[in-house]
Amino acid sequence: MQKQVVIIGAGLSGLSAAQALNRAGIPPLVLDKGSRPGGRMATRPFEGAIFDYGAQFFTVRSEKFASMQRGWEARGLVKVWSKGFNGQQDGHPRYIAPGGMNSLASDLALGITVRNGVKVSGISLNGGQWRLETDSGEVLVADGVIATMPVEQTLALLDFVLAAEERETLGRIEYERCLALMAILDQPAELPEPGARQLPGGEPVSWMADNQRKGLTAVANAVTIHAGPEFSLSNWEMAAEDVAAIMLGQYQASAWKLHRWKFAKPSVMHPEACFVVTAPCPLVLAGDAFGEARMEGAALSGLAAAERLQVLLSRP
Ligand SMILES: Cc1cc2nc3c(=O)[nH]c(=O)nc-3n(C[C@H](O)[C@H](O)[C@H](O)COP(=O)(O)OP(=O)(O)OC[C@H]3O[C@@H](n4cnc5c(N)ncnc54)[C@H](O)[C@@H]3O)c2cc1C
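Attention in this report is confined to the structure presented alongside it.

Parameters and conventions
- Residues numbered from 1 in each chain as written.
- Predicted model: local features only at pLDDT ≥ 70, side-chain atom pairs only at ≥ 80, totals over all residues.
- Heavy atoms only, no water.
- Helix = DSSP H or I, 4+ residues; strand = E, 2+ residues; numbered from the N terminus.
- Rg over C-alpha atoms; globule rule 2.2 N^0.38 Å.
- Buried < 20%, exposed > 50% of the residue type's maximum accessible area, 1.4 Å probe, protein only.
- Contact = heavy atoms within 4.5 Å.
- Areas by Shrake-Rupley, 256 points an atom, 1.4 Å probe, with all protein chains shown as cover.
- Phe/Tyr/Trp six-rings, centres within 6.5 Å; stacked < 30°, edge-to-face > 60°.
- Near = heavy atom within 4 Å.
- Polar contact = N/O pair within 3.5 Å; in protein donor to acceptor, adjacent residues only side chain to side chain.
- Nonpolar A, V, L, I, M, F, W, Y, C, P; charged D, E, K, R; others polar.
- Domains from an automatic or database assignment.
- Pairing = 2+ DSSP bridges.
- Core = buried A, V, L, I, M, F, W, Y, C linked by side-chain atoms within 4.5 Å.
- Axes fitted to C-alpha atoms, helices over the stretch in contact; angles between N-to-C directions.
- Parallel < 35°, antiparallel > 145°, perpendicular 65-115°, else oblique.
- Left-handed = near helix turned anticlockwise from the far one by under 90°.
- Expected span 1.5 Å × (residues − 1).
- Arc of directions from axis to C-beta.
- Salt bridge = Lys/Arg side-chain N within 4 Å of Asp/Glu carboxyl O.

**Here we look at the overall build of the protein chain**
Here is step 1 of the chain: Of the regular secondary structure elements, the protein chain holds 8 helices and 18 strands.
Here is step 2 of the chain: Over its C-alpha trace the protein chain gives a radius of gyration of 20 Å, about what one expects of a compact globule, namely 20 Å for 316 residues.
Here is step 3 of the chain: Along the first, second and third principal axes, the C-alpha set of the protein chain runs to 65 × 45 × 35 Å.
Here is step 4 of the chain: The buried share of the protein chain, taken over its 316 residues, is 54%.
Here is step 5 of the chain: Residue pairs in contact within the protein chain that sit at least 24 positions apart in sequence constitute 65% of those at least 6 positions apart.
Here is step 6 of the chain: Summed over all atoms, the accessible surface of the protein chain reaches about 14100 Å², with 49% contributed by carbon and sulfur.

What follows is the structure, encoded as structure tokens:
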């Protein structure tokens, strides 16, 4: 009989897992609390311009992710943007999506059943299956689950099933926050080629990119500014106007919007690409907290989780 699989989260890890399971003849159901697939591959319109306000570019190190990148490139969804920032070329291509990073999620969601606006608020075991409860009170059952939400949330949902050792291992994972500002500046930002300034360790600002020069929007001076982790944490509760004023610094903006990423980037990760929970039914955790804290890590984690889940599901 066909196994029912639910994937929680339609970010890059969840969708990569979904594609792999689909290819293996196990079409999953993907649930996401957001209004559209993508998670931190986030793109939005604002004041007539288009902004990437989560992931900005990606790099490729593994053959598995290279194969995804080649597919996107062949379909015109990604292109090389630069081979370095701040005037320094290190030879490694940085890829961007001219249709916005979110267009890659839309591409990965093709052929997959994704239900958006569905938040999983409870998980329990019932008669040899997982029982998932949503915040609207709906109940879904599954033979296997891949959970890709931030690990802190997974821990809260799965506390009843985790062994003390598993709780301790997963409890070590930590995330940095990021305050992300989308702004239309009154004057050119004058960013170096290719249209971005990367300031590793920079506080209050660690990144600034011009979305017009990325090819996302025709609107000039539509920039995305990311705050560094220290500034983001210590000013998390600060009024948006005050955060914007500090992040804009010397620049004036005719319009701006602030997004607060609470789980922006794992700073302490689990070394394996996914995590199999010891439970009576198959349950695998995935996401960029497993392996590598970047888009490639999320994709590889999703693929690894799909492989592990297939093995677990095939056991009698
Ligand atoms: C500001 C910022 C800048 C970044 N810049 C880069 C970059 O330049 N290059 C790079 O490689 N990476 C970058 N990253 C990291 C990259 O975005 C992530 O590594 C990757 O997108 C993570 O994918 P994921 O699937 O693991 O998680 P997510 O994309 O977070 O997906 C998890 C999904 O789970 C859903 N979810 C959570 N809880 C529930 C629930 N209870 N029920 C249902 N759904 C739920 C969420 O809505 C979300 O869609 C950046 C991230 C941020 C925030």
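There is more to say after this.
**Focus on the packing of aromatic side chains**
Here is step 1 of the chain: The full count for this structure, using the stated rule, is 12 aromatic pairs.
Here is step 2 of the chain: With 5.6 Å between their ring centres and 40 degrees between their planes, Phe 57 and Trp 207 make a pair best called tilted. Taken as a pair, Phe 57 in the loop between strand S4 (49-52) and helix H2 (63-74) and Trp 207 in strand S14 (residues 205-210) lie far apart in primary sequence, 150 residues in all.
Here is step 3 of the chain: A residue is classified by how much of its surface remains accessible, and Trp 207, at 5% relative accessible area, is buried.
Here is step 4 of the chain: Between Tyr 175 and Phe 263, the ring centres sit 5.3 Å apart and the planes meet at 85 degrees, which makes this aromatic pair edge-to-face.

**Brief notes about the site of the ligand**
Here is step 1 of the chain: As a structural note, the neighbourhood of the ligand is formed by 32 residues, with Ser 13, Asp 32, Phe 57, Asp 288 and Met 295 the closest of them.
Here is step 2 of the chain: One of the side-chain nitrogen or oxygen atoms of Ser 13 is found 2.7 Å away from an oxygen atom of the ligand.
Here is step 3 of the chain: Between the ligand and the protein, one listed contact pairs an oxygen atom with a side-chain N or O atom of Asp 32 at 2.6 Å.
Here is step 4 of the chain: Contact with the protein chains covers 92% of the free accessible surface of the ligand, which is 1000 Å².
Here is step 5 of the chain: Elements with a contribution of two residues or more to the shell around the ligand: helix H1 (12-23), strand S2 (29-32), strand S16 (253-268) and helix H8 (295-314).
Here is step 6 of the chain: Looking at side-chain class alone, the shell around the ligand contains 14 nonpolar, 12 polar and 6 charged residues.
Here is step 7 of the chain: Formed jointly, the shell around the ligand draws a minimum of three residues from each of two domains, domain 1 (5-41 + 95-173 + 270-314) and domain 2 (174-267).

**Here we look at the sheet that holds strand S7 (residues 113-116)**
Here is step 1 of the chain: The 6 strands lie next to each other as S7-S2-S1-S11-S18-S17, forming an open sheet whose pairing is mixed. Every other strand in the sheet has two partners, leaving S7 and strand S17 (275-276) as the edge strands with one partner each.
Here is step 2 of the chain: With 4 bridges connecting them, strand S1 (residues 5-8) and strand S11 (residues 144-147) associate as parallel partners. By the bridge assignment for S11, Val 6 is matched with Val 145.

**Observations regarding the nonpolar core**
Here is step 1 of the chain: Counting 41 residues, the largest nonpolar core has Leu 12, Phe 58, Trp 72, Leu 104 and Ile 146 as the members making the most contacts within it.
Here is step 2 of the chain: Examining the composition of this core, we find that 10 residues originate from one element, H8, more than from any other.
Here is step 3 of the chain: Contact partners of Leu 104, with chain neighbours within four places excluded, come to Met 41, Phe 58, Trp 72, Leu 77, Val 78, Ala 97 and Met 295.
Here is step 4 of the chain: By size, the runner-up hydrophobic cluster in this structure holds 31 residues, among which are Leu 132, Tyr 175, Phe 263 and Phe 290.

**Some thoughts on the environment of Gln 212**
Here is step 1 of the chain: Tracing the sequence through the fold places Gln 212 in the loop between S14 and strand S15 (222-227).
Here is step 2 of the chain: Put simply, Gln 212 and Gly 84 are 128 residues apart on the chain and 18 Å apart in space, counted from C-alpha to C-alpha.
Here is step 3 of the chain: Beyond its immediate stretch of four places on either side in the chain, Gln 212 contacts Thr 217, Ala 218, Val 219, Ala 220, Asn 221 and Ala 222.

**Quick look at the packing of H1 against H8**
Here is step 1 of the chain: Two numbers describe how H1 lies on H8: the axes approach to 7 Å, and their chain directions differ by 40 degrees. As the angle between them shows, H1 and H8 are arranged oblique. Both H1 and H8 take part in a crossing whose hand is right-handed. Within the contact between the two elements, H1 uses Leu 12, Ser 13, Ser 16, Ala 17, Ala 20, Leu 21 and Arg 23 and H8 uses Met 295, Ala 298, Ala 299, Gly 302, Leu 303, Ala 306, Leu 309 and Gln 310.

**Considerations on H2**
Here is step 1 of the chain: Here H2 is 12 residues long and its end C-alpha atoms lie 16 Å apart, about the 16 Å a rise of 1.5 Å per residue gives.
Here is step 2 of the chain: Turning to H2, its buried residues number three or more, namely Phe 65, Ala 66, Met 68, Gln 69 and Trp 72. For H2, the angular spread of the buried residues around the axis is 160 degrees, confining them to a single face. In this structure, H2 carries Glu 63 and Ala 74 as exposed residues pointing more than 90 degrees from its buried face.
Here is step 3 of the chain: For H2, the secondary structure elements touched by its buried residues are H1, strand S6 (94-96), helix H3 (102-108) and H8.
Here is step 4 of the chain: Where H2 terminates, the next one or two residues include Gly 76, which has phi positive at roughly 75 degrees.

**Description of the pattern of salt bridges**
Here is step 1 of the chain: Across all of its chains, the model carries 12 salt bridges by this definition.
Here is step 2 of the chain: The partner of Arg 40 in a salt bridge is Asp 288, and the shortest N-O contact between them spans 2.8 Å. Residue Arg 40 is found in the loop between S2 and strand S3 (43-46), and its partner Asp 288 is found in the loop between strand S18 (283-285) and H8; the two are separated by 248 residues along the sequence.
Here is step 3 of the chain: In this structure, the salt-bridge partner of Asp 159 is Arg 167, at a minimum N-O distance of 2.9 Å.
Here is step 4 of the chain: Using a relative accessible area of 34% as the deciding quantity, one classes Arg 167 as partly exposed.

These results come straight from atomic positions and should not be treated as a statement about function.
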